[in-house]
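Overview (structure and organization)
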Amino acid sequence: MPQPVLNILSLIQNPALAEACLQWLKGGRYHLVHGDPATEPLQQLEQRCEDVDGLLLEEGAVDGSFFRSLHERGLELPAVLIGPVSGDVLFHGAEVRLPPDQLEQLTYSLDAAISRFLRSHTPPASTEAQVATPDGWKLSNRLNGRLGYLSIYYKRDPSRFLRNLEAEERSELLNSLKRSYRDLLISYFKNPATANQAIESFVNTAFFADLPITKMVEIHVNLIEEFWKQLMLKGQKNDFLQDYRLALLDVMAHLCEMYRRSIPPDVPILPVAMPEASSPSA
């Protein structure tokens with residue numbers, strides 16, 4: 001059964017970037033609702049709060065007071081921030097960061113943003129009935145209602161799996177993932193916060209695109225070989241590159257955790273009645 005179309009309020013200042021985002025989301029499960037970040041963005045969101053399911057923001061298009069005001073009003077919602085991976089958190093811990101040169105991954109980033117938001121804002125089933133719902137806008141309740149039972153385990157869209165994409169789109173996505181992984185490697189031993197955000201960005205797409213582990217290893221090996229050749233040409237040491245195997249292990253550990261969290265609680269399995277063995281003839 002097809003999932004409902006979700007409305008995403010777009011607050012992007014750069015016209016070319018806004019058009020590119022529109023093109024990458026065309027025909028999918030997300031519908032962009034354009035807003036003007038320079039004209040009372042908070043008021044625009046409040047006027048549309050019953051229809052908006054998430055935010056797509058260009059970093060720098062709104063100032064910090066916008067996020068503070070959202071927190072004060074309880075208007076937290078899934079968010080993808082288009083900007084460099086820096087390790088900074090501008091809105092909330094479930095936000096997803098996507099560099100502007102990797103828009104091929106935009107659909108997958110929105111998938112991840114909604115999944116992370118639902119997981120962090122939905123109370124456990126055992127306590128849900130005991131938690132009083134405060135007045136105000138509770139987006140997690142509305143998303144749960146629209147997405148149906150076990151919406152916290154937000155379903156992946158098989159049509160967006162890497163193996164099911166057209167050849168050109170598949171190539172574009174792999175090149176984008178390669179750029180993501182390059183960012184990850186460059187920051188891995190320099191800035192832990194930036195590296196962790198880069199890992200999450202890469203793993204989000206790897207999970208929702210069902211990227212094979214063999215393809216992930218191939219991306220890693222090819223990039224390390226490129227770095228090795230560049231260092232050789234410059235006459236610099238390259239033996240430290242073997243340490244970057246830790247980055248690959250880190251990525252795989254994050255991906256395994258995403259798969260673990262995507263599995264709904266076990267449904268009790270009723271024992272199967274076994275046929276009685278016939279008694280041996282006397």
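Shown above is the structure to which this text applies.
Calculation notes
Residues numbered from 1 in each chain as written. Predicted model: local features only at pLDDT ≥ 70, side-chain atom pairs only at ≥ 80, totals over all residues. Heavy atoms only, no water. Axes fitted to C-alpha atoms, helices over the stretch in contact; angles between N-to-C directions. Helix = DSSP H or I, 4+ residues; strand = E, 2+ residues; numbered from the N terminus. Parallel < 35°, antiparallel > 145°, perpendicular 65-115°, else oblique. Left-handed = near helix turned anticlockwise from the far one by under 90°. Contact = heavy atoms within 4.5 Å. Nonpolar A, V, L, I, M, F, W, Y, C, P; charged D, E, K, R; others polar. Phe/Tyr/Trp six-rings, centres within 6.5 Å; stacked < 30°, edge-to-face > 60°. Buried < 20%, exposed > 50% of the residue type's maximum accessible area, 1.4 Å probe, protein only. Lys NZ or Arg CZ within 6 Å of the ring centre and 35° of its normal. Pairing = 2+ DSSP bridges. 1 Å grid on protein atoms, 1.4 Å probe; cavity = no way out; pocket = protein on both sides within 12 Å on 5 of 7 lines; lining within 4 Å. Points joined across faces, edges and corners; volume = space filled by probe spheres on them.

**Let's talk about the packing of helix α9 (residues 213–233) against helix α10 (residues 245–261)**
At a minimum axis distance of 11 Å, the contact between α9 and α10 shows a crossing angle of 155 degrees. One finds that α9 runs roughly antiparallel with respect to α10. Relative to α10, the crossing made by α9 is right-handed. Across from I213, M216, V217 and H220 in α9, the residues of α10 making contact are R245, L248, V251, M252 and L255. Among the residues making up the contact of α9 with α10, the classes are represented as seven nonpolar, one polar and one charged.

**Observations concerning the packing of aromatic side chains**
All chains considered together, the criterion is met by seven aromatic pairs. Taking 4.9 Å as the distance between ring centres and 85 degrees as the angle between the ring planes, the aromatic pair formed by F207 and F208 counts as edge-to-face. Across this residue pair, the class does not change: F207 and F208 are buried. Look at F207 and Y259: their rings are 4.9 Å apart centre to centre, the planes differ by 70 degrees, and that puts the pair in the edge-to-face class. Linking F207 in helix α8 (residues 192–208) with Y259 in helix α10, this pair joins segments that are 52 residues apart in sequence. Judged by relative accessible area, which is 27%, Y259 ranks as partly exposed. Each residue in the set F66, F67 and F91 is aromatic and connected to the rest through ring pairs, giving one cluster. The ring of F207 has R156 sitting right over it, with the charged end atom 4.7 Å from the ring centre.

**Here we look at the sheet that holds strand β4 (residues 79–82)**
The five strands lie next to each other as β2-β1-β3-β4-β5, forming an open sheet whose pairing is parallel. Of all the strands in the sheet, the pair left with one neighbour each is β2 (30–35) and β5 (96–98). When strand polarity is set aside, the average angle formed by the axes of neighbouring strands in this sheet is 25 degrees. Sheet analysis places strand β3 (residues 54–58) next to β4, joined by four bridges and oriented parallel. Bridging across to β4, L56 finds its partner in V80.

**With respect to the environment of D210**
Its location among the elements puts D210 in the loop between α8 and α9. Judged by its relative accessible area of 17%, D210 falls in the buried class. In sequence terms D210 and R163 are 47 residues apart; their C-alpha atoms lie 8.2 Å from each other. Setting aside its immediate chain neighbours within four residues, D210 contacts R156, F161, R163, T205 and Y259.

**Side note on empty space enclosed by the protein**
Evaluated as defined, the whole model comprises one cavity of 30 Å³ or more. Its boundaries defined by the atoms lining it, the largest cavity holds a volume of some 40 Å³. Lining the largest cavity, in full, are V85, P99, Q102, S180, D183, A198 and S201. Going through the elements one at a time, α7 (167–188) and α8 are the ones with two or more residues in the lining of the largest cavity. Grouping the amino acids of the lining of the largest cavity by side-chain chemistry returns three nonpolar, three polar and one charged.

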